[in-house]
Amino acid sequence: MRTLIIFLALITGINQLSAQQLTATVVDAKTGDPIPFATIVTGEHNGLITNEEGKFAITTQQMTRIKDSIFISSMGYQKTALWQPEGEITVSLLPETFELGQVFINANPLEAEEVIEKVKENLSTNYAISPSKKKIFFRQSNIDHMTKMDFGFKKSSIDELDKPFFDKIAASIPRESAYFTEAVGDYYGDYRNNKLHIDKAAELHDKSKDVSVEGISEKLEKIFKENVKPDSYFKIRSGLIGTKVELDSLMSQNQEETALVKEEVEPKDDGLLPSLKERISELHEQLFFHEETDLDFLEKSNRYRFTHADYTFIDDTAVYIINFEPKGRKDFKGVLYVNTQDFAIVRLEFENVRPLKKFGLLGINYSRNKFKGKMLFAKEAAGGYGIKYLELEDGSKFGLDRPLNVIEKNKNVKGRRKQNELALHLDIGASSSMKYEMVVFSSENISVTAYEQVTENTEITASQLSKYDPAFWSDHTIMEPNAAILAFEAVQ
């Protein structure tokens, strides 16, 4: 018996030591192209998905907990199984071959508009709201570009505010900055009421590349204070608009405006937990069945054109492929994948066809020019559909093209030549893109009482990383980073 116990212990130890981290890329067997958002099932109600580059990874610790084959599937491909794979591998999926069209034409000849009506009829059943506990991974990516920075220097009688000074400022402002936040944790509740317990989080942020509105303002303010007389006032003119500002009030106003601009450019940081909950709520608000969503293709379906494109399989279930586009001046186009049995939308891809917001006046222009995303849903144990993956990309552009004249006047100094003057023509352009991604690895229903007993770890903070470190996530399931995150490295 003692010998048997030792033998079993040795076998167990060898099995655990032999289990290695799996790093894989899922590709099309015929073309070799990566397959994004493929599903990897590692157990009952557990799994992950590939990133946009078709990659996924399973840690050594997670591999030891897998008791069966790993199943990999994706829309339009044959499912494949892997038995305890290890190392770095490529998984090829064969395209599914089927002739569904004729079958459905004969058995269930529904037009695209009829399918959409049935989708609307079954929304409350298919997406019933009930408390749950979900193991999630969340990623936020902010990318800012300064597309143009030209002060358009014309003249200045203030020695320090000369053309080389403004050229230096323009050259010192970074043309691109990036910020990434990643977190894993447990998300409790539903789409309206929720609690979040963060297990671990990281931030990748290069502060040396920040466009600091406050820093530039402080420098200009210091120069003005050193080069204007105490009893001076300014006449500030931009185009046809002019105003008179006393020196003291200018400095006070400048501080207030700088704080306001900074708050708009860099949202107030109330802590990691509230920030992540707000970002996840923004994702949930855009769910096509949420009352606050911008996606109105169901609510105002009469103003969209729906066309039945084809059929395919998702997780062994036949689905309609339906394209939609606006009939008139609506905002979105996209593709719906609708379950042929219960008419649930199991996958949605959308993008805007025109700016959602647009403003232009007196040389100032702004447009919210990008709003696109993906939504994947899976059937849960309770019968309804829950989130498997959400992605939302929100982009905007800003431009400023107008003259700026600052004239110093002083009641104790006579004559125009005694006045200081700075003349510029500002030509500034910038673009910003925010991308949110959330993956649900597992989900289970919980009672209202269990939800009420959940406590949040409000004091948790994110670890600051200068570059992506895979070892940081060695004990957690995450969505593999894309090329932009892998290439990120802060200046030390």
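Before going into details, it helps to say that this report is about the structure given with it.

Rules of the game
Residues numbered from 1 in each chain as written. Predicted model: local features only at pLDDT ≥ 70, side-chain atom pairs only at ≥ 80, totals over all residues. Heavy atoms only, no water. 1 Å grid on protein atoms, 1.4 Å probe; cavity = no way out; pocket = protein on both sides within 12 Å on 5 of 7 lines; lining within 4 Å. Points joined across faces, edges and corners; volume = space filled by probe spheres on them. Helix = DSSP H or I, 4+ residues; strand = E, 2+ residues; numbered from the N terminus. Nonpolar A, V, L, I, M, F, W, Y, C, P; charged D, E, K, R; others polar. Phe/Tyr/Trp six-rings, centres within 6.5 Å; stacked < 30°, edge-to-face > 60°. Buried < 20%, exposed > 50% of the residue type's maximum accessible area, 1.4 Å probe, protein only. Lys NZ or Arg CZ within 6 Å of the ring centre and 35° of its normal. Pairing = 2+ DSSP bridges. Polar contact = N/O pair within 3.5 Å; in protein donor to acceptor, adjacent residues only side chain to side chain. Contact = heavy atoms within 4.5 Å. Axes fitted to C-alpha atoms, helices over the stretch in contact; angles between N-to-C directions.

Let us look at the layout of surface pockets. A volume near 620 Å³ is recorded for the second largest pocket. Taken together, 31 residues make up the lining of the second largest pocket; nearest its centre are Thr 39, Asp 315, Ala 378, Lys 379 and Lys 388. Among the elements of the structure, strand S2 (39–43), strand S3 (46–49), strand S5 (70–73), strand S15 (317–326), strand S19 (364–379), strand S20 (385–410) and strand S21 (421–445) are those that each provide at least two residues to the lining of the second largest pocket. Considered class by class, the residues forming the lining of the second largest pocket number 14 nonpolar, 11 polar and 6 charged.

The geometry of an aromatic ring pair comes down to the distance between the two centres and the angle between the two planes. Tallied over the entire structure, the rule returns 25 aromatic pairs. Between Phe 165 and Phe 166, the ring centres sit 5.3 Å apart and the planes meet at 80 degrees, which makes this aromatic pair edge-to-face. Take Phe 165: its relative accessible area is 12%, and that puts it in the buried class. Residue Phe 166 is classed as buried on the basis of its relative accessible area of 4%. Ring geometry for Tyr 191 and Phe 289: centres 5.3 Å apart, planes at 55 degrees, overall tilted. Taken as a pair, Tyr 191 in the loop between strand S10 (176–189) and strand S11 (194–205) and Phe 289 in the loop between helix H9 (272–285) and strand S14 (304–314) lie far apart in primary sequence, 98 residues in all. Take Tyr 191: its relative accessible area is 14%, and that puts it in the buried class. Three or more aromatic residues joined by ring pairs make a cluster, and in this case those are Tyr 127, Tyr 191, Phe 288, Phe 289, Phe 297, Tyr 304, Phe 306, Phe 324, Phe 377 and Tyr 385. In this structure, Lys 200 packs its charged tip against the face of Phe 472, placed 4.1 Å from the ring centre.

Okay, empty space enclosed by the protein next. As enumerated under the stated definition, the model contains 4 cavities of 30 Å³ or more in all. Approximately 110 Å³ is the volume found for the largest cavity. Surrounding the largest cavity, Phe 37, Thr 39, Ser 73, Ser 74, Met 75, Ile 314, Asp 315, Val 346, Arg 347, Leu 376, Phe 377 and Lys 388 form its lining. Broken down by secondary-structure element, the contributors of at least two residues to the lining of the largest cavity are strand S17 (345–352) and S19. Of the residues assigned to the lining of the largest cavity, the class counts are 6 nonpolar, 3 polar and 3 charged.

Let us now look at the pairing of strand S8 (residues 132–150). Sheet faces and side chains relate simply in a regular strand, where the side chains alternate between the two faces. Sheet topology note: the S8/S10 ladder contains 14 bridges and is antiparallel. Bridge pairing links Lys 133 to Tyr 188 in S10. Summarising the sheet, S8 and S21 pair through 18 bridges and their orientation is antiparallel. Paired with Asn 142 across the bridge in S21 is Met 434.

Further remarks concern the side chain of Ser 73. Looking at the secondary structure, you find Ser 73 in strand S5. Residue Ser 73 is classed as buried on the basis of its relative accessible area, which comes to 7%. Within polar-contact distance, the side chain of Ser 73 engages the side chain of Asp 315 at 3.2 Å. Setting aside anything within four residues of it in sequence, one finds Ser 73 in contact with Ala 38, Thr 39, Lys 79, Leu 93 and Asp 315.

A few words now on the environment of Pro 274. Its location among the elements puts Pro 274 in helix H9. Relative accessible area serves as the criterion here: at 41%, Pro 274 is assigned to the partly exposed category. Residues Pro 274 and Thr 458, spaced 184 residues apart in sequence, show a C-alpha to C-alpha distance of 8.1 Å.

Turning our eyes to something else, we now look at the pairing of strand S16 (residues 332–339). With 7 of 8 residues buried, S16 is to be regarded as a mostly interior element. Bridge analysis of S15 against S16 gives 6 bridges, and the strand direction is antiparallel. Note that in S16 the partner of Asn 323 across the bridge is Val 335. Linkage of S15 to S16, two consecutive antiparallel strands, is achieved through a turn of 5 residues. Inspection of the sheet shows S16 paired to S17 by 7 bridges, in the antiparallel sense. Considered in S17, the bridge of Val 338 is made with Ile 345. Linking S16 to S17, which pair antiparallel, is a turn of 5 residues; within it Phe 343 sits at a positive phi near 60 degrees.

Ordered by their spatial adjacency, 3 strands build an open sheet running S4-S1-S7, and the pairing between neighbours is mixed. Edge positions in the open sheet fall to strand S4 (55–58) and strand S7 (87–93), since each of these has one partner strand only. The mean inter-strand angle of the sheet, taken between neighbouring strand axes irrespective of direction, is 25 degrees. The pairing of strand S1 (residues 22–28) with S4 spans 4 bridges and is classified as antiparallel. Each bridged residue has a counterpart across the sheet, and for Thr 25 the counterpart in S4 is Lys 55.

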